[in-house]
Structures are given as structure tokens and as C-alpha cells.
Amino acid sequence: MPAVLRFTGEAKDMTLEELAAFVEAARKASVPFDNPIRAELSMSGKIKQVEVRIGVGDG
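Remember, it's a predicted structure, so these values are computed and weren't measured experimentally. (Residues numbered from 1 in each chain as written. Predicted model: local features only at pLDDT ≥ 70, side-chain atom pairs only at ≥ 80, totals over all residues. Heavy atoms only, no water.)

Draft legend 1. Layout of the pairing of strand E2 (residues 37–41). With five bridges joining them, E2 and strand E3 (residues 47–53) adopt antiparallel strand pairing. In the strand pairing of E3, Glu 40 is matched with Gln 49. Between E2 and the antiparallel strand that follows it, E3, lie five residues; Gly 45 among them carries a positive phi value of about 90°. (Pairing = 2+ DSSP bridges. Helix = DSSP H or I, 4+ residues; strand = E, 2+ residues; numbered from the N terminus.)

As C-alpha cells, then:
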């Protein structure tokens, strides 16, 4: 099973600050920039969770 970097909002939905922390963590983990990001959205379209595979992969 591949390693995954996963962030969720502290509250129900993610904030811009939490999304920025996810991007910073992905950069520090040397996640390739072309790796796809998976997002789980709420019924209202807000981001609840984001994840990306660490290392080379096709998603």
C-alpha cells in the first residue's frame, strides 16, 4: 500500500490555512508536483479532506 499524506479540517470543513499546511507538508515530503490530489467534499462543496500519494505514482 502506498504512503499517503492526508489532511482534514479541524472543524467540519478545511480552511485556507489548513490547505496551505497540506501543500507545505507535501512539498517537504518531496511529493512530485504532477501527483494527483484527491479531495472529499461536503454536500455544500466545501473541502473536508485532501490526500496525495507520497512518491511517484499515477494516483
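Draft legend 2. Spatial organisation of the nonpolar core. Judged by nonpolar contacts, Leu 5, Met 14, Phe 22, Ala 26, Val 31, Val 50 and Val 52 together constitute the single largest core of seven residues. Excluding residues within four positions of it along the chain, Val 31 makes contact with Ala 26, Val 52, Arg 53 and Ile 54. (Core = buried A, V, L, I, M, F, W, Y, C linked by side-chain atoms within 4.5 Å. Buried < 20%, exposed > 50% of the residue type's maximum accessible area, 1.4 Å probe, protein only. Contact = heavy atoms within 4.5 Å.)

Draft legend 3. Focus on the pairing of E3. Across five bridges, the pairing between strand E1 (residues 4–8) and E3 is antiparallel. Looking at E3, one finds that Leu 5 is bridged to Val 52.

Draft legend 4. Broad picture of the pattern of salt bridges. Within the structure shown, the criterion is met by three salt bridges. When the shortest N-O distance is used, the salt bridge between Arg 6 and Glu 51 registers 2.7 Å. Of this pair, Arg 6 sits in strand E1 while Glu 51 is found in strand E3, placing the two residues 45 residues apart along the sequence. Note that Glu 40 and Lys 48 form a salt bridge whose closest N and O atoms lie 3.6 Å from each other. Residue classification places Glu 40 among the partly exposed residues on the basis of a relative accessible area of 31%. You can call Lys 48 partly exposed: its relative accessible area is 29%. (Salt bridge = Lys/Arg side-chain N within 4 Å of Asp/Glu carboxyl O.)

Draft legend 5. Examining the side chain of Glu 18 more closely. Residue placement: Glu 18 occurs in helix H1 (residues 16–28). Those residues in contact with Glu 18 that sit more than four places away from it in its chain are Phe 7, Gly 9, Glu 10 and Asp 13.

Draft legend 6. Just the sheet that holds E1, in detail. A sheet is described by the order of its strands in space; here three strands give the open sequence E1-E3-E2, paired in antiparallel fashion. Each having just a single partner strand, E1 and E2 make up the two edges of the open sheet. In this sheet, adjacent strand axes meet at a mean angle of 15° when their direction is disregarded. Across the sheet, H1 lies against E1, E2 and E3, angled at about 165° from E1, the strand it touches most. (Axes fitted to C-alpha atoms, helices over the stretch in contact; angles between N-to-C directions.)

That is the geometry; function is a separate question.
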